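# Per-entry structural report
Now for the letters of each chain:
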Amino acid sequence: MIQLTATQWSVVFNILSFGLVSMLATTVYTLVSQHRVLPKYRNALVLSSMVTFIAGYHYLRIFDSFKHATEPGTFKVAHDVATSSTAFNEAYRYVDWILTVPLLLVEVIAVLSLAKDASKSLISRLVPASAAMIALGYPGEISSNNGVKTTWGILSTIPFLYILYVLFVELGKSLDRQPEGVAATVGRLRLLLIGTWGVYPISYLIPMLITSPSATEAASLFTYRQIGYTVADVLAKCVFGLTIFKIAKLKSAAEGYADAH
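Residues numbered from 1 in each chain as written. Predicted model: local features only at pLDDT ≥ 70, side-chain atom pairs only at ≥ 80, totals over all residues. Heavy atoms only, no water.

For the protein, the count of helices and strands is seven helices and two strands. Compactness check: the protein gives a C-alpha radius of gyration of 20 Å against a globular reference of 18 Å for 261 residues, within 12% of the reference. A principal-axis box enclosing the C-alpha atoms of the protein has dimensions of 60 × 35 × 25 Å. Taking all 261 residues of the protein together, 48% fall into the buried category. Put simply, 79% of the contacts in the protein that link residues at least 6 apart link residues at least 24 apart. Entry remark: accessible area of the protein is about 12,000 Å², with carbon and sulfur atoms responsible for 66%. Across the protein, the centroid of the 20 positively charged side chains sits 6 Å from that of the 15 negatively charged ones. (Helix = DSSP H or I, 4+ residues; strand = E, 2+ residues; numbered from the N terminus. Rg over C-alpha atoms; globule rule 2.2 N^0.38 Å. Buried < 20%, exposed > 50% of the residue type's maximum accessible area, 1.4 Å probe, protein only. Contact = heavy atoms within 4.5 Å. Areas by Shrake-Rupley, 256 points an atom, 1.4 Å probe, with all protein chains shown as cover. Lys, Arg positive; Asp, Glu negative; His and termini not counted. Charge placed at Lys NZ, Arg CZ, Asp CG, Glu CD.)

In the structure shown here, the tally under the stated rule is one cavity of 30 Å³ or more. Here the largest cavity defines a volume of roughly 30 Å³. Residue lining of the largest cavity: Leu105, Val108, Leu167, Leu189, Arg190, Leu193 and Phe240, and that is the complete set. Those elements that provide at least two residues to the lining of the largest cavity are helix H3 (91-112) and helix H6 (182-205). With three residues, the top contributor of residues to the lining of the largest cavity is H6. (1 Å grid on protein atoms, 1.4 Å probe; cavity = no way out; pocket = protein on both sides within 12 Å on 5 of 7 lines; lining within 4 Å. Points joined across faces, edges and corners; volume = space filled by probe spheres on them.)

A few words on the packing of H3 against H6. For the pair H3 and H6, the least separation of the axes is 12 Å and the interaxial angle reads 170 degrees. With respect to their mutual orientation, H3 and H6 come out roughly antiparallel. The element H3 and its partner H6 pack so that their crossing is left-handed. Contacts from Tyr94, Trp97, Val101, Leu105, Val108 and Leu112 in H3 reach Val182, Val186, Leu189, Leu193, Trp197, Tyr200 and Tyr204 in H6. In terms of residue class, the contact of H3 with H6 is made up of 13 nonpolar, no polar and no charged. (Axes fitted to C-alpha atoms, helices over the stretch in contact; angles between N-to-C directions. Parallel < 35°, antiparallel > 145°, perpendicular 65-115°, else oblique. Left-handed = near helix turned anticlockwise from the far one by under 90°. Nonpolar A, V, L, I, M, F, W, Y, C, P; charged D, E, K, R; others polar.)

With 27 residues, helix H1 (residues 6-32) extends 39 Å from end C-alpha to end C-alpha; this agrees with the ideal 39 Å at 1.5 Å per step. For H1, the complete set of buried residues consists of Gln8, Trp9, Val12, Ile15, Leu16, Gly19, Leu20, Ser22, Met23, Thr26, Thr27 and Thr30. If you follow the buried residues of H1, they end up packed against strand E1 (2-3), helix H2 (42-68), H3 and helix H7 (215-254). (Expected span 1.5 Å × (residues − 1).)

Take the packing of H1 against H7 next. Direction vectors running N to C along H1 and H7 enclose 15 degrees, while the axes themselves pass 10 Å from each other. Compared by their axis directions, H1 and H7 come out roughly parallel. Note that H1 runs across H7; the crossing there is left-handed. Broken down by class, the residue content of the contact of H1 with H7 amounts to 15 nonpolar, eight polar and two charged.

Oppositely charged side chains can pair when the atoms bearing their charge come close. Considering all chains together, one arrives at seven salt bridges under this definition. A salt bridge links Glu255 to Lys40; its shortest N-O distance comes to 3.0 Å. Residue Glu255 is found in the segment after H7, and its partner Lys40 is found in the loop between H1 and H2; the two are separated by 215 residues along the sequence. By relative accessible area, which is 45% here, Lys40 ends up partly exposed. The salt bridge involving Arg93 is made with Asp233; its shortest N-O contact spans 3.4 Å. In this pair, Arg93 sits in helix H3 while Asp233 sits in helix H7, placing the two residues 140 residues apart along the sequence. Since its relative accessible area comes to 1%, Arg93 is described here as buried. Among the charged side chains, a salt-bridge network with shared partners connects Glu90, Arg93, Asp96, Glu141, Arg225, Asp233 and Lys237. (Salt bridge = Lys/Arg side-chain N within 4 Å of Asp/Glu carboxyl O.)

Below, the structure written as structure tokens:
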């Protein structure tokens, strides 16, 4: 059991609420904005809407799990999923990520409208690597043993590094053929991806900072981890999706589409 203070409970409650409404708002915006880009770029916006819709659903589940795992008045959070049916379920995040992270990468390929063979090649490498990255991180997330966490964290980093190689080396080769402003925006998009994905391992490592945390320290670590994961999610899904929309508008405008201006 983790004993949260009233302030910590409110912070977690509010940050989860912020994550939920951000996902829902971005879903609506990207759906209603499809007419502002050329039809061939609308698949990218559909994928963006799917990402934030899936994330919104899981934030609803996480939000609900947090409320049900909390004992009224005492703000105790059941943390051991294996021993309590009302425990806070961190697994919802991993179910979300294993669906949305591959879709995020497919968004990038879709909005660039690369040649069919190039798109197929990139997708066939990025999607399995991203799924492996999430799947390998989960055993470490649920383990209370720092050695196990470290091992699975290192294994999860291998596909992550491969994804970076594909995005910066393989994908970089196609950017010279993009309209003015698109290459720079894609460059910022990749940096956003690295920056936001970099928050996840930090949040993952937070429980390892203190070997045998006191009750007060355990509550603080739990709170910081929920803040880190949620902020990273909003940046990696909502801000990322809006940047995809910007790229689609730039490419549509460069091709003479009036609604894109």
